[in-house]
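Below, each chain spelled out in residue letters.
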Amino acid sequence: MSVTGRLESQVAEALVRAGFSGNGSLLVVGISGGPDSSALLQCLARLRQQHGLALHAAHLNHDFRGEEAEEDARFAAALAASLGVPATVEQRDVTEVQRQHRISSFEHAARELRYSFLAQVAEETRAAGVAVGHTSDDLAETVLMHILRGSGIQGLRGMSECSSWPFPGNNGDLRLFRPLLKVTRADTEDYCRALGHPYREDTGNLLYRFTRNRVRRHLMPLLRSEYNPQVRESLVRLSRTAALESDYLAAEIQRVWPQVADEKEDAVVFDRRALAALHPALQKLLFRKGYAGLTGDARRLGEGHLTAMAELAQSSKAGRSLDLPNGLRFQRSYDSLRLSWFPDATCPFPELRGEYSLPLPAEAREAVHRAGPWRVALRWETSFLPNVDVPGGNPGTGAAAGQASWSACFDPNALEPPLEVRARRPGDRIQPLGMSGEKKLQDLFSDARIPREWRDRAPLLVSRRGIAWVVGYRIAEWAKVKANGGAPGALRVKFEAGARGP
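Residues numbered from 1 in each chain as written. Predicted model: local features only at pLDDT ≥ 70, side-chain atom pairs only at ≥ 80, totals over all residues. Heavy atoms only, no water.

## Brief notes about the overall build of the protein chain
What counts, and what does not: Starting at the N terminus, helices and strands are each numbered in turn, a helix being any DSSP run of H or I of at least four residues and a strand any DSSP run of E of at least two. Note on classification: 1.4 Å probe, protein chains only; a residue is buried when its accessible area is under 20% of the maximum for its type, exposed when over 50%, partly exposed between these limits. Contact criterion: two residues are considered in contact whenever any of their non-hydrogen atoms come within 4.5 Å of each other. Only the protein chains shown count as cover for residues, and the accessible areas themselves come from Shrake-Rupley with a 1.4 Å probe.
The number of helices and strands found in the protein chain is 15 helices and 23 strands. In the protein chain, which comprises 502 residues, the share counted as buried stands at 51%. Here the contacts in the protein chain between residues at least 6 apart in sequence split such that 69% fall between residues at least 24 apart. Summed over all atoms, the accessible surface of the protein chain reaches about 22900 Å², with 49% contributed by carbon and sulfur.

## Some remarks on the sheet that holds strand β8 (residues 267-271)
Our working definition: If DSSP finds at least two bridges between two strands, the strands pair. All axes are obtained by fitting lines to C-alpha atoms, using only the stretch in contact for helices, and the reported angles, taken between N-to-C directions, cover 0 to 180 degrees.
Pairing is antiparallel across the open sheet formed by 5 strands, whose spatial order is β7-β8-β11-β10-β9. The strands lining the two open edges of the sheet, one partner per strand, are β7 (261-263) and β9 (321-324). The mean inter-strand angle of the sheet, taken between neighbouring strand axes irrespective of direction, is 15 degrees. Direction of pairing for β7 relative to β8: antiparallel, over a ladder of 3 bridges. Across the sheet, the residue bridging to E263 is V268, located in β8. Running over the sheet, helix α12 (residues 280-295) touches β8, β9, β10 (328-332) and β11 (336-341) and is turned about 30 degrees from β11. Each of β9, β10 and β11 touches helix α13 (residues 303-314); the most contacted strand, β9, lies at about 165 degrees to it.

## Regarding the packing of aromatic side chains
To keep it simple, the criterion reads: Each pair of aromatic rings taken from Phe, Tyr and Trp, with Trp reduced to its six-membered ring, is defined by centres within 6.5 Å and is described as stacked if the planes are under 30 degrees apart, edge-to-face if over 60, and tilted in the remaining cases.
Tallied over the entire structure, the rule returns 12 aromatic pairs. Aromatic side chains F349 and W374 sit 6.3 Å apart centroid to centroid with 50 degrees between the ring planes, which places their arrangement in the tilted category. Of this pair, F349 sits in the loop between β11 and β12 (356-357) while W374 sits in strand β14 (residues 374-381), placing them 25 residues apart in sequence. Classification of W374 as buried rests on a relative accessible area of 0%.

## So, the packing of helix α1 (residues 3-18) against helix α8 (residues 185-195)
Note the following rule: Should an angle fall under 35 degrees it is taken as roughly parallel, and over 145 as roughly antiparallel, whereas 65 to 115 is taken as roughly perpendicular and any remaining angle as oblique. In this scheme the handedness of a crossing depends on how the near helix is turned from the far one: anticlockwise by less than a right angle means left-handed, clockwise means right-handed.
Between α1 and α8, whose axes approach to 9 Å, the crossing angle comes to 120 degrees. Relative to α8, α1 is oriented oblique. Judged by the twist between their axes, the crossing of α1 over α8 is left-handed. From α1, V3, T4, R6, L7 and E8 reach across to α8, where they touch D187, T188, D190, Y191, A194 and L195.

## Side note on the pairing of β9
Note: β9 against β10, 4 bridges, orientation antiparallel. Pairing of L322 across the sheet is with F330, part of β10.

## A word on α13
The condition is simple: Given the number of residues in a helix, its expected span is that number minus one, multiplied by 1.5 Å. Directions drawn from the helix axis to the C-beta atoms are what define this arc.
Compared with the 16 Å implied by 1.5 Å per residue over 12 residues, the 17 Å span of α13 between its first and last C-alpha is a close match. Buried within α13 we find L306, M309, A310, L312 and A313. All buried residues of α13 fall inside an arc of 160 degrees around its axis, so they share one side. Among the exposed residues of α13, those pointing more than 90 degrees away from its buried face are G304, E311 and Q314.

## Some details on the pattern of salt bridges
Definition in use: A carboxyl oxygen of Asp or Glu within 4 Å of a side-chain nitrogen of Lys or Arg is what we treat as a salt bridge.
Within this structure, the stated rule accounts for 31 salt bridges. Where R424 meets D456, a salt bridge forms, and the shortest distance between an N and an O atom there is 2.7 Å. Of this pair, R424 sits in the loop between β17 (420-422) and β18 (429-430) while D456 sits in the loop between α15 (452-455) and β20 (460-463), placing them 32 residues apart in sequence. Using a relative accessible area of 28% as the deciding quantity, one classes R424 as partly exposed.

## Some points on the environment of V231
When you line up the elements, V231 lands in helix α10 (residues 231-260). Along the sequence, V231 and L144 sit 87 residues apart, while their C-alpha atoms lie 10.0 Å from each other. With sequence-adjacent residues up to four places away left out, V231 is seen in contact with M220, L223 and R224.

## As for helix α3 (residues 66-82)
Residues separated by three or four positions in an α-helix point in the same direction, a consequence of the helix having 3.6 residues per turn. Given a rise of 1.5 Å per residue, 17 residues ought to cover 24 Å, and the 25 Å separating the end C-alpha atoms of α3 matches this to within 8%. Inspection of α3 places E68, A69, D72, A73, F75, A76, L79 and A80 among the buried residues, and these make up the whole buried set. The arc that holds every buried residue of α3, seen down its axis, measures 160 degrees, which confines them to one face. Looking at α3, the residues exposed on the side facing more than 90 degrees away from the buried face are A81 and S82. Buried-residue contacts for α3 involve α2 (35-51), β2 (54-61) and β3 (87-91). Looking one or two places after α3, you find G84, whose phi comes out positive at around 70 degrees.

## Quick notes on the nonpolar core
This is how the line gets drawn: The set of buried Ala, Val, Leu, Ile, Met, Phe, Trp, Tyr and Cys residues whose side-chain atoms join them within 4.5 Å is what this entry labels a nonpolar core.
The biggest cluster of nonpolar side chains holds 41 residues, and the ones touching the most others in it are W374, F410, W469, V470 and V493. Formed by 32 residues, the second largest nonpolar core is a distinct cluster that contains L41, L44, A45 and F75.

## Thoughts on the pairing of β20
Here β20 shows no split at all, with L460 and V462 on one side and L461 and S463 on the other all buried. Pairing of β17 with β20, which is carried by 3 bridges, proceeds in the antiparallel orientation. Within the sheet, the bridge partner assigned to E420 lies in β20 and is V462. Count of turn residues in the β20/strand β21 (residues 466-470) antiparallel hairpin: 2 residues.

## Description of the sheet that holds β20
Pairing is antiparallel across the open sheet formed by 5 strands, whose spatial order is β12-β17-β20-β21-β22. With one partner strand each, in any of the chains shown, β12 and β22 (474-475) form the two edges of the open sheet. Here 2 bridges tie β12 to β17, and the two strands are oriented antiparallel to one another. Residue pairing for β17: S357 is matched across the bridge by E420.

## Digging into the confidence of the model for the protein chain
Filter applied, for reference: The pLDDT value tells you how sure the predictor is about a given residue, anywhere from 0 up to 100.
Considering every residue of the protein chain, the mean pLDDT works out to 85; 88% of them sit at 70 or more. Predicted confidence is poor over residues 384-404, with pLDDT under 50, and the contacts of this stretch with residues over four places away or in other chains come to 56 contacts.

As structure tokens, this is what we get:
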């Protein structure tokens with residue numbers, strides 16, 4: 001069979017297994033311009049009539065390779081157009097996401113940004129799934145990276161052909177589809193050449209500062225030449241074995257969960273006696289399920305955290321606790337173990353009740369208003385200023401309420417009065433800075449990892465047009481300062497919690 005026939009046969013079988021065949025499914029196809037994603041888009045385009053598919057391409061410019069990245073974006077758009085596939089092409093700043101969410105790894109921030117973008121496109125197009133071009137090479141590299149990090153069985157399973165959406169974790173029935181996991185990177189390159197279509201080479205894949213690049217370009221070739229010529233195939237087999245065993249354990253977790261755990265609105269309470277009767281492996285997986293249920297994403301909960309939770313569960317001392325990522329606390333009492341958000345004392349936002357009007361100051365003046373527990377100062381600035389300034393620290397650091405102070409600058413022509421300060425309401429949406437579409441406020445809170453108990457207290461600056469600022473976190477794209485905004489150049493709004501006001 002020809003290379004085109006083999007690859008298209010693999011993808012066709014994957015479409016059937018995933019339930020995307022013959023029912024008019026719309027798939028968003030993530031495309032970088034490289035051989036894997038280019039082959040995937042071309043293959044799905046050739047199969048769409050036979051399988052009743054609708055396609056929408058999505059390309060994200062990560063804004064760190066300059067002109068080369070812009071050429072990738074133009075290539076992706078042109079490839080989609082040549083295949084008659086509509087496309088969404090956007091540019092976002094990874095380093096800004098790192099700063100806002102305090103993510104140390106550029107790779108991790110880029111991944112979260114990419115999946116958030118794909119989820120947004122899927123929501124806008126009402127897609128059933130998002131197809132990405134991960135191959136067996138990517139699967140083997142992922143498993144090896146997880147081994148190096150000391151992962152448990154969940155990490156050893158690597159990637160699944162079809163799975164629930166990984167990030168953010170509140171995207172309903174949206175699925176992530178990887179139909180190329182049984183083909184190699186060399187296969188995708190051969191496929192593109194066989195069809196006479198070029199593809200792009202990402203020079204970012206040559207940068208050794210990224211862990212995956214070092215694994216791909218140094219460690220895997222070393223293992224292949226010095227230890228096992230079939231190391232990729234061995235790692236893929238390990239992944240499939242781990243996936244099989246993980247699926248069995250997941251079924252066991254579902255079976256015992258009602259007997260062991262009591263799910264509350266903002267906590268999961270485990271019965272110590274019922275938990276002690278289970279195998280330690282099941283105990284850890286139960287803790288992981290509880291954490292994922294509260295945060296929507298268990299990736300930050302490592303094997304070390306799970307081991308510490310298991311040790312605390314076996315401790316004879318009641319009242320001990322363990323602080324976990326994302327602002328959760330695991331606490332042991334006499335007969336139970338409670339997984340919940342940190343107490344209110346750590347929340348930087350005082351309780352906000354009611355709605356408070358903020359009249360605009362006269363030109364070249366400052367106006368100070370009291371909005372419940374907040375002192376809010378509004379001042380005209382005559383020069384172009386950064387959109388966001390956080391002199392008192394980010395709320396995510398857990399600063400005490402009486403010490404919190406944040407300010408931001410806005411385009412005065414965009415803030416249509418009346419301005420007001422209030423807490424969130426059901427159905428609230430915002431167009432976050434850097435995004436073309438709106439986002440549910442609850443999704444913004446989830447993406448920013450704001451603990452649930454803080455969310456009803458976070459003040460919102462609202463104009464006639466909508467939410468202009470989630471104070472301390474994100475302003476709206478439409479409200480940002482324009483470089484040529486004229487005079488006055490910006491309206492600075494500063495919030496101080498616990499400060500004495502007028």
